[in-house]
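Single-letter residue listing:
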Amino acid sequence: MFGASTSSFQVEGGTGEDDRGISNYDCFPKKPGITDFSVASDHYHRMEEDVALMAEIGLDCYRFSVSWVRIMPDGKTVNEKGLRFYDRLIDALTAARITPILTIYHFEYPQALLNRYGGWLSRESIDDYLALARLLFIRYGNRVKHWVSINEQDHLLKIPERMGFPAELNGVEYERKAQLANYHLCLAAALVNRLCHELVPGAFIGPAANPLQAIPASSKPEDYLAAMAYNELECNYILELNCRGRYVPLYWKYLCDRGIQPDTREEDMKILRDNPPNFIGINYYTSITVEASEAGKIQCRGRGIMLQELPGVYRTRENKKLPVSEWGWPIRPEGIKIAIMELYHRYQLPILVTENGLGNRDRPENGAIHDDYRIDYLRAHLHEIKECIDLGYPVLGWCPWSFIDLVSGREGMGKRYGFVYVNRDNNDLKDLGRYKKDSFYWYQRVIAERGRYI
Ligand code: BG6
């Protein structure tokens, strides 16, 4: 399937409408000069126009997320008006013959649940997440068969505002809390897999992971081991729980040595083992080069996505051979192939590329956006995916990030990813008009040719 992705809080806007509640993203302070999410791309008011553009480009599928607080403003009570918005969206997609892929939880979390019990730190969070999922399965399960349970759990855990953790929390205390939340999140994902199959016949469900796939900086065995450790400690620790219901030895030792392991229960581990996903979603943007860290004692990683060094284990290294994006992210298309092959070898589950794209400052010229840099990035990555398919790896689809420009998770409106340009910037909403970029026409042709000439 040729698709594209977005997420609710980044694209919808309309935060004060139809009895929507307050989310974590409404509450934390933004970087100076960066927009909030209150208007975003105004998709809430322009949904039909946006779906018409999806039909025009020729999408087979569209991955979007629901806003938990639009549907359950306080995280518990149902808001019929919110449900109706997604009814309309799903019906518009179905009418346009576009398969909906629904992400249940993409970073946006009810502030009321954070205030009430600290969100994922409490076991009660699992019941509330399942209540949301039950509502979605019952309401949309006749039209939606593809479900994503949790988006980028690793990046949820490493960014305090996404978890509702205090900004000053760090070090061992941060990680102890993150580990407890991770355990609850994994359990919630397994239970939601089970519930999905009980309520939605013929459904597929899986998480969207973000494997960075570290590459060793040299042929030295210690650098290879550092890359292996990076992949286990920073990426695979969640998928091992999702797909096999276990903590890998290296990871468990890391936790026990610091006394930050969660109290596991055998009945929970059985739930994890018995309810694996049906596919693995991969969000892939960049990869990382690491070498061994010779520093003495292994310390605790604490918070933050891109840790430069975990002393005693790995240290990230600049790789001068790789081009970087305008935002400094190394571009390594082969990394997506490595991720697909590696994860398939480990879990033998089909892969859905749930995100992949290039964030850049686009510069419109008389209404045209010549984003050749994005076309080059996407073409190179799609080529690697095609090679995987030719080798026999089961890749269900490719959903580049993002269909339309939206507010970046951390960088506001300056960092754009879409095939469709949205005419606004951080400080000026302008007319929020939609303009097709060169990459729109490129992707339209790729889809029409079914990727034959990539
Ligand atoms: C993924 C997220 O981490 O990457 C998206 O699922 C996000 O929500 C995307 O927007 C790109 O990251 P950023 O920080 O450039 O917006």
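1. What about the overall build of the protein?
The helix and strand inventory of the protein stands at 16 helices and 14 strands. Relative to a compact globule of 454 residues, whose C-alpha radius of gyration would be 22 Å, the protein shows 21 Å and is just as compact. With respect to the three principal axes, the spread of C-alpha positions in the protein is 55 × 50 × 45 Å. Contacts spanning at least 24 positions in sequence make up 76% of the contacts within the protein whose residues lie at least 6 apart. Taking the average location of the 56 positive side-chain charges in the protein and that of its 61 negative ones, the two points are 2 Å from each other.

2. As for the site of the ligand
Surveying the vicinity of the ligand reveals 15 residues, the closest of which are Q10, E152, G409, K415 and Y417. Taking Q10, its side chain carries an N or O atom lying 2.7 Å from an oxygen atom of the ligand. Contact distances for the ligand include 3.4 Å between an oxygen atom and a side-chain N or O atom of Y285. Considered on its own, the ligand offers 380 Å² of accessible surface; in the complex 97% of this is hidden by protein. Grouping the amino acids of the shell around the ligand by side-chain chemistry returns five nonpolar, six polar and four charged.

3. Re helix α16 (residues 438-448)
Among the residues making up α16, those that are buried are S439, F440, W442, Y443, V446 and I447. Taken around the axis of α16, the buried residues stretch over an arc of 165°, which confines them to a single face. Structurally, α16 contributes buried residues whose contacts are with β1 (3-5), α3 (43-57), α15 (372-391), β12 (395-398), β13 (420-422) and β14 (434-436).

4. Here's the deal with the packing of helix α5 (residues 80-95) against helix α7 (residues 124-140)
Direction vectors running N to C along α5 and α7 enclose 45°, while the axes themselves pass 11 Å from each other. Looking at the two axes, α5 sits oblique to α7. Helix-helix and strand crossings are classified by hand; for α5 and α7 the assignment is right-handed. Residues E80, L83, R84, Y86, D87 and I90 of α5 pack against L135, R139 and Y140 of α7. Counted by class, the contact of α5 with α7 contains five nonpolar, no polar and four charged residues.

5. Here's the deal with α3
The first and last C-alpha atoms of α3 sit only 17 Å apart over 15 residues, clearly below the 21 Å expected at 1.5 Å per residue. At E49, α3 is deflected by roughly 40°, the largest bend along its length. Taken together, the buried positions of α3 are H43, Y44, M47, D50, V51, L53, M54 and I57. Following α3 by one or two positions, G58 has its phi on the positive side, about 100°.

6. Quick notes on the sheet that holds strand β5 (residues 204-209)
Backbone hydrogen bonds are what pair the strands of a sheet, in a parallel or an antiparallel way. Across the sheet, eight strands lie side by side as β1-β2-β3-β4-β5-β7-β11-β12; this open sheet has parallel pairing. The sheet terminates laterally at β1 and β12, the two strands that pair on one side only. Strand-to-strand twist across the sheet, computed as the mean angle between neighbouring axes with direction ignored, equals 25°. Where strand β2 (residues 61-65) lies against strand β3 (residues 99-105), five bridges are found, and the strand directions are parallel. Within β3, the residue paired with F64 across the bridge is L102. Packing against the sheet, α7 makes contact with β3, β4 (146-151) and β5, and its axis sits at approximately 160° to β3.

Definitions and limits used
Residues numbered from 1 in each chain as written. Predicted model: local features only at pLDDT ≥ 70, side-chain atom pairs only at ≥ 80, totals over all residues. Heavy atoms only, no water. Helix = DSSP H or I, 4+ residues; strand = E, 2+ residues; numbered from the N terminus. Rg over C-alpha atoms; globule rule 2.2 N^0.38 Å. Contact = heavy atoms within 4.5 Å. Lys, Arg positive; Asp, Glu negative; His and termini not counted. Charge placed at Lys NZ, Arg CZ, Asp CG, Glu CD. Near = heavy atom within 4 Å. Polar contact = N/O pair within 3.5 Å; in protein donor to acceptor, adjacent residues only side chain to side chain. Areas by Shrake-Rupley, 256 points an atom, 1.4 Å probe, with all protein chains shown as cover. Nonpolar A, V, L, I, M, F, W, Y, C, P; charged D, E, K, R; others polar. Buried < 20%, exposed > 50% of the residue type's maximum accessible area, 1.4 Å probe, protein only. Arc of directions from axis to C-beta. Axes fitted to C-alpha atoms, helices over the stretch in contact; angles between N-to-C directions. Parallel < 35°, antiparallel > 145°, perpendicular 65-115°, else oblique. Left-handed = near helix turned anticlockwise from the far one by under 90°. Expected span 1.5 Å × (residues − 1). Bend = angle between axes of the 7 residues up to and from the residue. Pairing = 2+ DSSP bridges.

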